[in-house]
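Chain by chain, the residues run as shown.
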Protein chains: 2
Amino acid sequence: MALWYDEVFEDSLRCGLKVKRTLFSEQSAFQRVEIVETELLGKALALDGLWMTSQRDEKYYHELLVHPVMTTAPSIRRVLIIGGGDGGTAREVLRYPEVEHVDMVEIDGMVVQACKQFLPEIGSAWDDPRLNVVIDDGIKWSKRTDLEPYDVIIIDGSDPVGPAVGLFDLEFYQGCQNLLAKDGVFVTQSESPMLFRDVHLDMIGVMKKTFKNVHPYYGTVMIYPGGAWSWTYASNSVSPRDIIAERAAFVCEVTEIYNEDIHLGAFAVPNHIRRAL
Amino acid sequence: MALWYDEVFEDSLRCGLKVKRTLFSEQSAFQRVEIVETELLGKALALDGLWMTSQRDEKYYHELLVHPVMTTAPSIRRVLIIGGGDGGTAREVLRYPEVEHVDMVEIDGMVVQACKQFLPEIGSAWDDPRLNVVIDDGIKWSKRTDLEPYDVIIIDGSDPVGPAVGLFDLEFYQGCQNLLAKDGVFVTQSESPMLFRDVHLDMIGVMKKTFKNVHPYYGTVMIYPGGAWSWTYASNSVSPRDIIAERAAFVCEVTEIYNEDIHLGAFAVPNHIRRAL
């Protein structure tokens, strides 16, 4: 018999999916890792009881995280992904033939292993020879000084509790800046502007201490409670409007959500956030 | 003790809010009408167990429904609202001093009475002398031939089950077209493009049989499960890009979400919908 699996926010909101069966459920060194088969959204990944991604709605998240930076960065030869254990972000990055090398640094090897086995539909690019998966702490990685600069850095972490908490502070953003090429572009998921409004505003404020151009942008991800979801784009030289038309046209052949209108429209900032910035 | 109140979609998804107390709960001739006090979103209205609106997120719905038509219609002297029993739509319409007369035709008098008493924060314009509330069937109203044309028609109905089902068919849209001034503008909520994708696509298709310019647009409403929400804009002469800058600047002084960027950005259509249209 199918049972409800709920993500509960502050004991006041719950987002439940009926689960037909559990495919994977183990405690890693960092968190509870679960992959379940839901009735509505196909297979879904939850970490510590929070929905991360599902087959049916994952493109609303991964395409919006990846393509605004990838269509505007002058070069996209070398890409760093921190987090992204389900493989969806790497898949979207690797769509571009100009990409030569991707380091994907995920702290929790169990997430990668479980997703490879039970969610191959999302992480469909694991075998791409350009992808180098490293099981390591992204915060430690951000302090390295021996790396060739990255053209694009993408932070695909979970919420600012548990292992991802250090992905939300100034030191981390400064580390990423040091790893970034001079005209490189950085993006991070930046939480719900409604349920995590303070975290969202703080992140933008802290990023502005490091990067010249900082632009939050918005979309919807069905599996995340709180209506709108946000990402934040940062660069010292490039702006979200600098779309390289040919590259965007190429990727739009295969995207389900993303196109140039969606890209530009996503950067519209609601009045209540505008006034708070 | 607070209890969970869940909206359940097809026995596979639930969106629950913890409820501190029930302020109103009665069966009208049409539906179960409930107003509850939630822990997260303030007071909220539910009809037949489906969340309609809440204090904390209602502007994401009402501002997006109302302002794209109101800032683009050449004249906004006479406005018709069908549905909208909580009063939030009328409140947003009445912000404009150019509005001279609003007919609001709501089928269920109990919704209006309950919202007047228990949700006055949303319906804060009930006493405006320009507002004429009529308790009647909007479908019947759309067939009238004795009315002065409306400059703007706004359909603020519930889902296509129960009393609102007739608000989704060609005959109704043709009736509205007959009531509309030559360069008038029409808008309707048009469901979740993900959970009600077929209804959404059908509505656009049917509207295109009646109106020359038909444009779906998208946003997020936290209380509605299914990620994105949609509205559809229709006119025979005006397009959503024809923003009257002075009018938009005036209303943006007081809106929480809406501004010109949000307006234009909302009309970006995801690829999977573009391809289906």
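Residues numbered from 1 in each chain as written. Chains lettered and ligands numbered in written order. Predicted model: local features only at pLDDT ≥ 70, side-chain atom pairs only at ≥ 80, totals over all residues.

A. Molecular detail of the domain arrangement of chain A. Residue and element names in this part refer to chain A. The domain architecture assigned to chain A consists of domain 1 (3-54) and domain 2 (58-276). On a C-alpha basis, the centroid separation for the pair domain 1 and domain 2 is 23 Å. Counting residues at the interface gives 23 residues for domain 1 and 21 residues for domain 2. Of all elements in the fold, only β1 (3-9), β2 (13-27), β3 (32-38), β4 (42-47) and β5 (50-54) reach the threshold of two or more residues within the side of domain 1 that touches domain 2. Here the side of domain 1 that touches domain 2 is built from residues that sort into 15 nonpolar, 4 polar and 4 charged. (Domains from an automatic or database assignment. Contact = placed C-beta atoms within 7 Å. Helix = DSSP H or I, 4+ residues; strand = E, 2+ residues; numbered from the N terminus. Nonpolar A, V, L, I, M, F, W, Y, C, P; charged D, E, K, R; others polar.)

B. Looking closely at the confidence of the model for chain A. Taken as a whole, chain A shows an average pLDDT of 95; of its residues, 99% reach a score of 70 or greater. As scored by the predictor, the complex reaches a pTM of 0.96 and an ipTM of 0.95. (pLDDT = per-residue confidence, 0-100.)

C. The arrangement of the nonpolar core in detail. V79, V152 and I154 of chain A together with V79, V152 and I154 of chain B are the most contacted members of the largest nonpolar core, which totals 162 residues. Ignoring sequence-local partners within four residues, the contact set of I154 of chain A consists of L65, V66, V69, V79, I81, T89 and V187 of chain A. (Core = buried A, V, L, I, M, F, W, Y, C linked by C-beta atoms within 7 Å. Buried ≥ 20, exposed ≤ 12 C-beta atoms within 10 Å, placed from the backbone.)

D. Quick look at unusual backbone geometry. Positive phi, close to 70 degrees, is recorded for E191 of chain A, a residue that is not glycine. With respect to the helices and strands, E191 of chain A occurs in the loop between β10 (180-189) and α6 (197-208). The phi torsion at D11 of chain B lies on the positive side, around 50 degrees, for a residue other than glycine. Within the fold, D11 of chain B resides in the loop between β1 (3-9) and β2 (13-27).

E. Structural view of the pairing of β2 of chain B. Note that β2 of chain A and β2 of chain B share 5 bridges and pair antiparallel. Across the sheet, L13 of chain A pairs through a bridge with L17 of chain B, a residue of β2 of chain B. Pairing of β1 of chain B with β2 of chain B involves 7 bridges; the strand directions are antiparallel. From the neighbouring strand, D6 of chain B faces β2 of chain B, where its bridge partner is G16 of chain B. The turn joining β1 of chain B and β2 of chain B, which pair antiparallel and follow one another in sequence, is formed by 3 residues; a positive phi near 45 degrees is taken by E10 of chain B. Where β2 of chain B lies against strand β3 (residues 32-38) of chain B, 7 bridges are found, and the strand directions are antiparallel. (Pairing = 2+ DSSP bridges.)

F. Up close: the sheet that holds strand β8 (residues 131-135) of chain B. All names here are of chain B. One open sheet holds the 7 strands; their spatial order is β8-β7-β6-β9-β10-β12-β11, and the pairing between them is mixed. Of all the strands in the sheet, the pair left with one neighbour each is β8 and β11 (213-220). Here the average twist between neighbouring strands, direction ignored, is 15 degrees. Where strand β6 (residues 78-83) lies against strand β9 (residues 150-156), 5 bridges are found, and the strand directions are parallel. Each residue of the ladder has a partner; that of G83, found in β9, is D156. (Axes fitted to C-alpha atoms, helices over the stretch in contact; angles between N-to-C directions.)

G. The arrangement of the sheet that holds strand β8 (residues 131-135) of chain A in detail. Residues and elements named next belong to chain A. Taken in spatial order, the 7 strands line up as β8-β7-β6-β9-β10-β12-β11 in an open sheet, and their pairing is mixed. The sheet is open, and its two borders are formed by β8 and β11 (213-220), each paired with just one other strand. When the angles between neighbouring strand axes are averaged without regard to direction, this sheet yields 15 degrees. Pairing of strand β6 (residues 78-83) with strand β7 (residues 101-106), which is carried by 5 bridges, proceeds in the parallel orientation. The residue bridging R78 from the neighbouring strand is H101, located in β7. On the sheet, helix α1 (residues 58-70) packs against β9 (150-156), β10, β11 and β12 (228-235) and is oriented at approximately 160 degrees with respect to β9. Here helix α5 (residues 170-179) sits on the sheet in contact with β6, β9 and β10, set at roughly 140 degrees to β10.

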